[in-house]
Amino acid sequence: MRGLLLSALLLLAALSRAQAQPACDERHRVVDQLERAYGESLIATGITGAGSLVEVYAARAGETWSILITRPGRLTCLVSAGEGWRASPLPLREERLEEEAL
């Protein structure tokens, strides 16, 4: 099943590159597919300067990951996906201040 879905995503990505647009759908559908097909859940979010929502999803052990972007009032688009996600912990604020002082 994963191979079939991955093939479909790769085909969509190839078609999207030709059209210069990533694969997009309603957010709830994209998120449901990531959860059902890959066991991915939300691990990080951010807002761009243009007001777009960026979300990172990953499987529990990092086997797979996906990055989504949703522009205000628009569909959610899968902009990147892969395997082998490994999170890096953010340094504590105090540690950053100490590094800056050096």
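Now for a description of the structure that goes with this document.

Definitions and cut-offs
- Residues numbered from 1 in each chain as written.
- Predicted model: local features only at pLDDT ≥ 70, side-chain atom pairs only at ≥ 80, totals over all residues.
- Heavy atoms only, no water.
- Helix = DSSP H or I, 4+ residues; strand = E, 2+ residues; numbered from the N terminus.
- Buried < 20%, exposed > 50% of the residue type's maximum accessible area, 1.4 Å probe, protein only.
- Areas by Shrake-Rupley, 256 points an atom, 1.4 Å probe, with all protein chains shown as cover.
- Pairing = 2+ DSSP bridges.
- Axes fitted to C-alpha atoms, helices over the stretch in contact; angles between N-to-C directions.
- Salt bridge = Lys/Arg side-chain N within 4 Å of Asp/Glu carboxyl O.

1. Describing the overall build of the protein
When you go through the protein residue by residue, the secondary structure sums to 3 helices and 5 strands. The linear arrangement of helices and strands in the protein, starting from the amino end, is α-β-α-β-β-β-β-α. Per-residue burial over the protein gives 22% buried out of 102 residues. When the accessible area of the protein is evaluated, it comes to approximately 7500 Å², of which 58% is carbon and sulfur surface.

2. Observations concerning the sheet that holds strand β3 (residues 53-59)
Strands sit in the order β1-β5-β4-β3-β2 across an open sheet of 5 strands; the sheet is antiparallel. Edge positions in the sheet fall to β1 (23-25) and β2 (40-47), since each of these pairs with one other strand and no more. If you compare each strand with its neighbour and ignore which way they point, the axes differ by 30 degrees on average.

3. Some points on the pairing of β2
Looking at chain direction, β2 and β3 are connected through 7 bridges and run antiparallel. When the sheet's bridge partners are listed, Ser 41 is paired in β3 with Ala 58. Hairpin connection of β2 to β3: 5 residues between the antiparallel strands, including Gly 51 at a positive phi of 90 degrees.

4. Comments concerning the pairing of β3
Burial runs high along β3: 5 of the 7 residues are buried. Across 6 bridges, the pairing between β3 and strand β4 (residues 64-70) is antiparallel. Counted as the bridge partner of Glu 55 is Leu 68 from β4. From the end of β3 to the start of β4, which pair antiparallel, there are 4 residues, and Gly 62 there has a positive phi angle of about 80 degrees.

5. What to know about the pattern of salt bridges
Tallied over the entire structure, the rule returns 2 salt bridges. The closest approach of N and O atoms between Asp 25 and Arg 29, which form a salt bridge, is 3.6 Å. On the accessibility criterion, Asp 25 (28% relative accessible area) is partly exposed. Residue classification places Arg 29 among the partly exposed positions, given a relative accessible area of 44%.

6. Remarks on the environment of Leu 78
As for its placement among the helices and strands, Leu 78 is situated in strand β5 (residues 76-83). A relative accessible area of 17% means that Leu 78 is categorised as buried. In this structure the C-alpha to C-alpha distance between Leu 78 and Arg 27, which are 51 residues apart in sequence, comes to 9.9 Å.

So, to be careful, I would describe these as geometric facts and stop short of saying anything about function.
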